[in-house]
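Structural description and commentary
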Amino acid sequence: MGADQASDGIRPGGPTLRRETSRLLSFSDGVFAIIITLLVLDLQPPRVGRGQLLHALVEQWPAYLAYVTSYVYVAVGWLNHRAAFNRVGSSGKALQWYNLGVLFSTALLPFATSVVSQAMREGDEADQRAGVALYGLVGVLVSASWLGLYHYLARHHDLLDQAVSRRFFPTERARAAVGLLGYALAILVGYLASPLFALVIFLLLPMFYTVTSSGLYELRRLRHPHG
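Residues numbered from 1 in each chain as written. Predicted model: local features only at pLDDT ≥ 70, side-chain atom pairs only at ≥ 80, totals over all residues. Heavy atoms only, no water.

1. Structural notes on the nonpolar core
Counting 43 residues, the largest nonpolar core has Phe85, Leu95 and Phe202 as its most contacted members. Contributions of two or more residues to this core are made by α1 (19–38), α3 (61–85), α4 (93–106), α5 (109–122), α6 (125–155), α7 (168–192) and α8 (195–211). Sort the elements by how many residues they give to this core and α6 lands first, with nine residues. Those residues within four positions of Phe202 in sequence are excluded, and the remaining contacts are Thr69, Val132, Tyr135, Gly136, Tyr183 and Ala186. (Core = buried A, V, L, I, M, F, W, Y, C linked by side-chain atoms within 4.5 Å. Buried < 20%, exposed > 50% of the residue type's maximum accessible area, 1.4 Å probe, protein only. Helix = DSSP H or I, 4+ residues; strand = E, 2+ residues; numbered from the N terminus. Contact = heavy atoms within 4.5 Å.)

Here it is as structure tokens:
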């Protein structure tokens with residue numbers, strides 16, 4: 001997001017949130033912080049003999065890749081969450097449940113990250129296929145939870161800051177759909193072809209969300225300011 005936020009209903013520092021929405025945002029920030037901290041627990045120092053440390057560290061590359069991929073995914077999820085709720089003026093029970101759905105699915109990432117990391121380091125090809133399938137399923141679940149949240153906000157414009165464009169959240173649904181289809185594709189590719197190809201897709205998807213973290217609608221407005 002940038003300086004043009006004011007024209008889309010986002011005042012500097014965000015809109016004045018009602019107390020219930022502010023508490024929801026604070027609680028969610030805490031959950032995201034815990035999730036992103038748990039990811040690093042899978043990075044364990046190898047227990048090796050003298051002179052073997054460097055080789056052992058290099059052999060742990062799947063753990064590093066899984067950590068970076070999931071860290072970026074959770075970080076961008078947090079940015080998406082802030083971008084969404086900085087546009088929300090009030091909330092109700094339904095929105096709170098949709099938000100809990102996002103947190104529930106995202107909280108599964110440390111487990112999926114650990115499984116796919118261990119499978120790529122120590123398992124055979126069958127284990128690797130199962131590991132990437134599990135990670136892909138969690139990715140599908142996370143994307144589906146965001147799709148539900150964006151769909152709800154797109155249909156309940158009365159909950160949003162008055163100046164927020166009605167096109168913002170309908171456009172955000174497309175971002176969530178990209179993730180849902182992308183992770184489903186990764187499952188098929190990883191299980192039927194090669195687990196390494198699935199890892200590439202897992203890495204590319206967070207990169208896509210990083211580039212579009214301010215939202216597809218905002219990105220389009222920056223590219224076509226007079227459109």
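So much for the structure itself; the text now carries on.
2. Some details on a nonpolar patch on the surface
A grouping of Val48, Leu53, Leu57, Trp61, Tyr64, Leu196 and Phe197 is seen on the molecular surface, where their side chains present a nonpolar patch of about 640 Å² in accessible area. With respect to the helices, strands and loops of the structure, Leu57 is situated in helix α2 (residues 53–59). (Patch = residues over 30% accessible without salt bridge, like charges linked within 9 Å, V, L, I, M, F, W, Y side chains within 5 Å. Areas by Shrake-Rupley, 256 points an atom, 1.4 Å probe, with all protein chains shown as cover. Salt bridge = Lys/Arg side-chain N within 4 Å of Asp/Glu carboxyl O.)

3. A closer look at the packing of aromatic side chains
One pass over the structure, following the stated rule, counts ten aromatic pairs. Aromatic side chains Trp146 and Tyr150 sit 5.4 Å apart centroid to centroid with 35° between the ring planes, which places their arrangement in the tilted category. With Trp146 and Tyr150 both in helix α6 and four residues apart, the pair spans about one turn of that helix. Summarising the burial analysis for this pair, Trp146 and Tyr150 share the class buried. With a centroid separation of 6.0 Å and 35° between ring planes, the pair formed by Tyr150 and Phe169 is classed as tilted. Of the two residues, Tyr150 is situated in helix α6 and Phe169 in helix α7; the sequence distance between them amounts to 19 residues. As far as burial versus exposure is concerned, Tyr150 and Phe169 are alike and both buried. Of the aromatic side chains, those joined through ring pairs into one cluster are Tyr73, Tyr135, Tyr183, Phe202, Phe208 and Tyr209. Sitting over the ring of Phe168, Arg87 keeps its end group 3.9 Å from the ring centre. (Phe/Tyr/Trp six-rings, centres within 6.5 Å; stacked < 30°, edge-to-face > 60°. Lys NZ or Arg CZ within 6 Å of the ring centre and 35° of its normal.)

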